[in-house]
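For reference, the chains in residue letters:
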Amino acid sequence: MAKTLKINTAWCKGCGICAEFCPPKVLDIVREKVVLKDMDKCTKCALCELRCPDFAIYVETEEVAG
């Protein structure tokens, strides 16, 4: 199963809670919206998803064919 971090910027209010709880510190707030600085360093731990009060960030699990 592959995991991908998804961000819905329309729902993001730029509170920064997700960035504060991100263990590898790959999230940042730019112009009052969350941005992913480095997808390769993201561990997809979903702590950002658990902490976001606006449901603007989440980890999506996709089945890989094969």
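Below is a summary of the structure that appears in this document.

### Points about unusual backbone geometry
For step 1, the next point in the chain: Phi at Arg31 takes a positive value of approximately 50°, unusual for a residue other than glycine.
For step 2, the next point in the chain: A positive phi angle is found at Ala46, which is not glycine, with a value near 75°.
For step 3, the next point in the chain: Mapped onto the secondary structure, Ala46 falls in the loop between β3 (33-36) and α2 (47-51).
For step 4, the next point in the chain: Residue class for Ala46 comes out buried when judged on its relative accessible area of 18%.

### Considering the environment of Asp54
For step 1, the next point in the chain: Counting through the fold element by element, Asp54 comes out in the loop between α2 and β4 (57-62).
For step 2, the next point in the chain: Residues Asp54 and Lys44, 10 residues apart in the sequence, show an inter-C-alpha distance of 18 Å.
For step 3, the next point in the chain: Setting aside its immediate chain neighbours within four residues, Asp54 contacts Trp11 and Lys13.
For step 4, the next point in the chain: One polar contact links Asp54 to Lys13, side chain to side chain, over a distance of 3.0 Å.

### What to know about the nonpolar core
For step 1, the next point in the chain: In this structure, Leu5, Cys18, Leu27, Val34, Cys48 and Ile57 are the most contacted members of the largest nonpolar core, which totals 15 residues.
For step 2, the next point in the chain: Beyond its immediate stretch of four places on either side in the chain, Ile57 contacts Leu5, Lys6, Ile7, Cys18, Leu27, Cys48, Glu49 and Cys52.

### Quick word on the side chain of Lys44
For step 1, the next point in the chain: Note on placement: Lys44 falls in the loop between β3 and α2.
For step 2, the next point in the chain: Among buried Asp, Glu, Lys and Arg side chains, Lys44 stands out as unpaired, with Asp40 the closest opposite charge at 6.6 Å.
For step 3, the next point in the chain: In this structure, Lys44 is in contact with Lys3, Met39 and Val59, ignoring residues within four places of it in sequence.

Criteria and thresholds
Residue indices begin from 1 for each chain and proceed along its sequence in written order. Where totals are concerned, whole chains, interfaces and linings use all residues; where local detail is concerned, this predicted model gives features only for residues with pLDDT of at least 70, and gives and counts side-chain atom pairs only at 80 or more. The basis for the side-chain values is all heavy atoms of the structure; hydrogens and waters are excluded. Helix and strand definitions follow DSSP, with helices as H or I runs of at least four residues and strands as E runs of at least two, each counted in order from the N terminus. Burial status follows relative accessibility: with a 1.4 Å probe on protein chains alone, a residue under 20% of its type maximum counts as buried, one over 50% as exposed, and anything between as partly exposed. Residue contacts are counted whenever heavy atoms from the two residues lie within 4.5 Å of one another. The term polar contact refers here to a pair of N or O atoms within 3.5 Å; inside protein, the definition further demands a hydrogen-donor-capable atom paired with an acceptor-capable atom, and it admits residues adjacent in sequence only when both atoms are side-chain atoms. As used in this record, nonpolar core signifies buried Ala, Val, Leu, Ile, Met, Phe, Trp, Tyr and Cys residues forming a set joined through side-chain atoms within 4.5 Å. A positive count includes Lys and Arg, and a negative count includes Asp and Glu. His and the chain ends are not counted in either. Take a side-chain nitrogen of Lys or Arg and a carboxyl oxygen of Asp or Glu: if they are within 4 Å of each other, that pair is a salt bridge.

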